[in-house]
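Each chain, written out:
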Amino acid sequence: TQSCVIISLFVQYCKMMHRSGSLLAIEEPECYLHPHARRALSSYLDSFIQNDGNYGKPNNQIILTTHSPEFLKGTQLENVHVLRKDVSGTSTVSSIPPNDAGIKEYKQKIEMIINREDAEMFFADCVILVEGGEKHLLPLIADLKREGGLVDNPLDRYNISVVRVGGKGNFKVYVTLLKSLGIPYYLIADFDMLYGGVELSHLE
């Protein structure tokens, strides 16, 4: 509630005082918020971007760092940037190139991915893409490792997301997106994929 009130006051202040546009920078707004509050706060942030006093044209901007998929929903492709740090401590930034031919071809489907729970894969160190029910099976298999003495699920320990693509025909969409962001991935599919299914040349 406090976060939403502060953002609301800031939005109103900018509307009255900053006619040329304002910049709001927020670090991890999801802290201490339950999922419903995160969605509510995300809506307030959207209103800040859309709010403007000059001829109805939005000039306000937000720079937001987050570990929550909630704040990705409704975000335009060109506004998503993934920041990663490797073992040597070097940081790299990857973006979705909106003018890339492959991205343009699947733009609508990629936007749907961002608005679903699949957006978790933006935060993963590696993604396992599956056709369907394996999404529920793989975490159970990984849990068996805990019987060997591990205290947590290996998928969670190594930041691995299992993502259901909804059929072999959708593999190319997810692969195109993950490649553009430099996120490693693996595919698990039925054997019929090798026969008249998805062309493997598109997935290299």
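Residues numbered from 1 in each chain as written. Predicted model: local features only at pLDDT ≥ 70, side-chain atom pairs only at ≥ 80, totals over all residues. Heavy atoms only, no water.

**Describing the nonpolar core**
Our working definition: Each nonpolar core is a collection of buried residues, namely Ala, Val, Leu, Ile, Met, Phe, Trp, Tyr and Cys, held together in the definition by side-chain atoms within 4.5 Å. Think of it in three bands: with a 1.4 Å probe and only protein chains considered, a residue is buried below 20% of the maximum accessible area for its type, exposed above 50%, and partly exposed in between. The helix and strand labels rest on DSSP assignments: H or I over at least four residues marks a helix, E over at least two residues marks a strand, and numbering proceeds from the N terminus.
Among the nonpolar cores identified, the biggest contains 26 residues, and Phe122 and Leu129 are the most heavily contacted of them. In terms of residues, this core owes the most to one element, helix 7 (residues 171-181), which gives seven residues. In this structure, Cys4, Val11, Leu33 and Leu41 belong to the second largest nonpolar core, which totals twelve residues.

**Observations concerning the pattern of salt bridges**
Two side chains carrying opposite charge are able to pair once their charged atoms lie near each other. Formally: In what follows, salt bridge is the name for a side-chain nitrogen of Lys or Arg lying within 4 Å of a carboxyl oxygen of Asp or Glu.
Following the criterion strictly, the structure yields four salt bridges and no others. Its salt-bridge partner being Arg39, residue Glu70 comes within 3.5 Å of it at the nearest N-O pair. With a gap of 31 residues between them, Glu70 in the loop between strand 2 (61-65) and strand 3 (81-85) and Arg39 in helix 2 (residues 35-50) connect regions that are remote in the sequence. Owing to a relative accessible area of 15%, Glu70 belongs among the buried residues under this scheme.

**Section: the sheet that holds strand 5 (residues 126-130)**
Operational definition: Between any two strands, at least two bridges found by DSSP are needed for them to pair. Here the axes come from fitting lines to C-alpha atoms, over the contacting stretch only for helices, and the angles between their N-to-C directions go from 0 to 180 degrees.
Reading across the sheet, the three strands line up as 6-5-7 and stay open at both edges, with parallel pairing between neighbours. Here the strands that pair on one side only, and so sit at the sheet edges, are strand 6 (160-164) and strand 7 (185-188). Each adjacent strand pair in this sheet contributes to an overall mean axis angle of 20°, direction not counted. Examined bridge by bridge, strand 5 and strand 7 share four bridges and lie parallel to one another. Within the sheet, the bridge partner assigned to Leu129 lies in strand 7 and is Leu187.

**As for helix 7**
Of all eleven residues that make up helix 7, eight are buried, and the element is covered over most of its length. Turning to helix 7, its buried residues are Phe171, Val173, Tyr174, Val175, Thr176, Leu177, Leu178 and Leu181. Phi turns positive, to about 70°, at Gly182, one or two residues after helix 7.

**Quick word on the confidence of the model for the protein**
The predicted coordinates of low-pLDDT regions are not to be read in fine detail. Test applied: Residue-level confidence of the predictor is summarised by pLDDT, bounded by 0 at the bottom and 100 at the top.
Confidence in the prediction of the protein, expressed as mean pLDDT, is 80, and 86% of residues score 70 or more. At the low end of the mean pLDDT range in the protein sits helix 1 (residues 2-17), at 78; at the high end sits strand 5, at 93.

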